[in-house]
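Summary of structural features
Chain residues, written in single-letter form:
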Amino acid sequence: MALGILEIMYIVLVILAVGIQVILYKSKSNNSIIIINMLFGLLLSYLAFTSFPTNFTLQKTLAIVMGIVAILAVIIKFRSEELVILSKISLSISIAVSLALLFL
């Protein structure tokens, strides 16, 4: 029973990730979409970080790094309007790697 609920949670997270990424690339530099992507990336990196046991140091460190990448992507976007596409790509990488870590 509990594994079925966990699988439903994973499916919902993947659908949300795909939907948020589609909205991110379709919109014209909307700040709220960027912030929502960053928060979702932070949520995924937190979930990935807490899902590993204490002796999986490399995976936990990678999860933390993906959260930092999400924050840096938003900082890059607000600092320079020329680097908006780099910010979007960084957010996508952060979300994709965090999802991959979560599925391990």
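Residues numbered from 1 in each chain as written. Predicted model: local features only at pLDDT ≥ 70, side-chain atom pairs only at ≥ 80, totals over all residues. Heavy atoms only, no water.

1. Here's the deal with the overall build of the protein
Rule in force here: Numbering of helices and strands starts at the N terminus; helices are DSSP runs of H or I of at least 4 residues and strands are runs of E of at least 2. The globule rule used here is 2.2 Å times the number of residues to the 0.38 power, and the radius of gyration it is set against is calculated over C-alpha atoms. Each residue's exposure class comes from its accessible area (1.4 Å probe, protein chains only) as a fraction of the maximum for that residue type: buried when under 20%, exposed when over 50%, partly exposed otherwise. Every residue pair with non-hydrogen atoms within 4.5 Å of one another is taken to be in contact. Each accessible area is a Shrake-Rupley result for a 1.4 Å probe, and residues are judged covered by the shown protein chains and nothing else.
A count of helices and strands for the protein gives four helices and zero strands. For the protein, the C-alpha radius of gyration of 14 Å lies close to 13 Å, the compact-globule estimate for 104 residues. Dimensions of the protein, computed from C-alpha atoms along their principal axes, come out at roughly 45 × 25 × 15 Å. Taking all 104 residues of the protein together, 36% fall into the buried category. In the protein, once contacts between residues fewer than 6 apart in sequence are set aside, the share between residues at least 24 apart is 68%. Total accessible area on the protein stands at roughly 6400 Å², and carbon and sulfur atoms take up 77% of it.

2. Some details on the environment of L16
Structurally, L16 is set in helix α1 (residues 2-26). Note: C-alpha distance between L16 and F40 (24 residues apart in sequence) is 8.9 Å.

3. Some words on a nonpolar patch on the surface
We count it as follows: Note on patches: the residues involved have over 30% relative accessible area and no salt bridge, like charges join within 9 Å, and the nonpolar side chains Val, Leu, Ile, Met, Phe, Trp and Tyr join within 5 Å. Salt bridges, as used here, are contacts in which a Lys or Arg side-chain nitrogen is within 4 Å of a carboxyl oxygen on Asp or Glu.
Residues Y25, L83, I85, L86, I89 and I93 make up a contiguous nonpolar surface patch of about 530 Å² in total accessible area. Following the sequence through the fold, L86 ends up in helix α4 (residues 84-103). Take L86: its relative accessible area is 39%, and that puts it in the partly exposed class.

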